[in-house]
Amino acid sequence: MTLSDQFHSLPMLLKVSQVADFTGTHERTVRRWIRDGRLGAVEHPSGLRVPRRSLWRFLGLDMALSA
């Protein structure tokens, strides 16, 4: 599966738990990244959500999609 395929297979807005699973970290770590401003997130009626584009930028993979 290519990076582009992985990117497009993710939902547009990811739950904190999904980001934690994808990055192999704990939810508290993801929430700290959000709180510190390193990872973009939006308020959603059912909790914080991370746009998949923000996750890709955070991981340094956004340039890989444009190549």
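The structure presented is a predicted model; accordingly, all values stated were derived computationally and were not measured.

1. As for the overall build of the protein
Alright, step 1. Scanning the protein for helices and strands turns up five helices and three strands.
Alright, step 2. Its C-alpha radius of gyration of 12 Å places the protein within 12% of the 11 Å reference for a compact globule of 67 residues.
Alright, step 3. Once the C-alpha set of the protein is aligned to its principal axes, its extents read approximately 30 × 20 × 20 Å.
Alright, step 4. Burial statistics for the protein: of 67 residues in total, 25% are counted as buried.
Alright, step 5. Considering only residue pairs separated by 6 or more positions, the protein has 50% of its internal contacts joining residues 24 or more positions apart.
Alright, step 6. With an accessible surface of roughly 4400 Å², the protein has 51% of that area assigned to carbon and sulfur atoms.

2. Observations regarding the environment of Gly47
Alright, step 1. Take Gly47: it is sitting in strand β3 (residues 47-51).
Alright, step 2. Measuring from C-alpha to C-alpha, the distance between Gly47 and Phe58 comes to 20 Å, with eleven residues separating the pair along the chain.

3. As for the packing of aromatic side chains
Alright, step 1. Applying the stated criterion across every chain, the model contains three aromatic pairs.
Alright, step 2. For the pair Phe22 and Trp56, a centre-to-centre distance of 5.6 Å together with 35 degrees between the ring planes defines the contact as tilted. Of this pair, Phe22 sits in helix α2 (residues 16-23) while Trp56 sits in helix α4 (residues 52-58), and the two are 34 residues apart along the sequence.
Alright, step 3. With a relative accessible area of 35%, Phe22 lands in the partly exposed category.
Alright, step 4. Since its relative accessible area comes to 0%, Trp56 is described here as buried.
Alright, step 5. Taken together, the aromatic side chains of Phe7, Phe22 and Trp56 make up a single cluster linked through ring pairs.
Alright, step 6. In this structure, Arg52 packs its charged tip against the face of Phe7, placed 4.6 Å from the ring centre.

4. Remarks on the UniProt feature "domain: Helix-turn-helix" (unreviewed entry) in the protein
Alright, step 1. The UniProt entry lists residues 13-58 under the feature "domain: Helix-turn-helix" (unreviewed entry), expressed in the numbering used here.
Alright, step 2. For residues 13-58, helix accounts for 52% and strand for 24%, while the C-alpha atoms at its two ends are 15 Å apart.

5. Topic: the confidence of the model for the protein
Low-confidence regions, as indicated by low pLDDT, have predicted coordinates that should not be scrutinised in detail.
Alright, step 1. On average, residues of the protein carry a pLDDT of 90, and 93% of them reach 70 or more.
Alright, step 2. Predicted confidence in the protein is weakest over helix α5 (residues 62-66), with a mean pLDDT of 65, and strongest over helix α3 (residues 27-35), with 98.

6. Some thoughts on the nonpolar core
Across soluble globular proteins, nonpolar side chains show a tendency to be buried alongside one another.
Alright, step 1. Core analysis: the biggest nonpolar cluster contains 13 residues, and Val19, Val30, Ile34, Leu39, Val50 and Leu55 have the highest contact counts within it.
Alright, step 2. The residues contacting Val19, other than those within four sequence positions of it, are Leu14, Val30, Leu39, Val50 and Leu55.

About the thresholds
Residues numbered from 1 in each chain as written. Predicted model: local features only at pLDDT ≥ 70, side-chain atom pairs only at ≥ 80, totals over all residues. Heavy atoms only, no water. Helix = DSSP H or I, 4+ residues; strand = E, 2+ residues; numbered from the N terminus. Rg over C-alpha atoms; globule rule 2.2 N^0.38 Å. Buried < 20%, exposed > 50% of the residue type's maximum accessible area, 1.4 Å probe, protein only. Contact = heavy atoms within 4.5 Å. Areas by Shrake-Rupley, 256 points an atom, 1.4 Å probe, with all protein chains shown as cover. Phe/Tyr/Trp six-rings, centres within 6.5 Å; stacked < 30°, edge-to-face > 60°. Lys NZ or Arg CZ within 6 Å of the ring centre and 35° of its normal. UniProt positions renumbered as here; feature names shortened; annotations may be inferred. pLDDT = per-residue confidence, 0-100. Core = buried A, V, L, I, M, F, W, Y, C linked by side-chain atoms within 4.5 Å.

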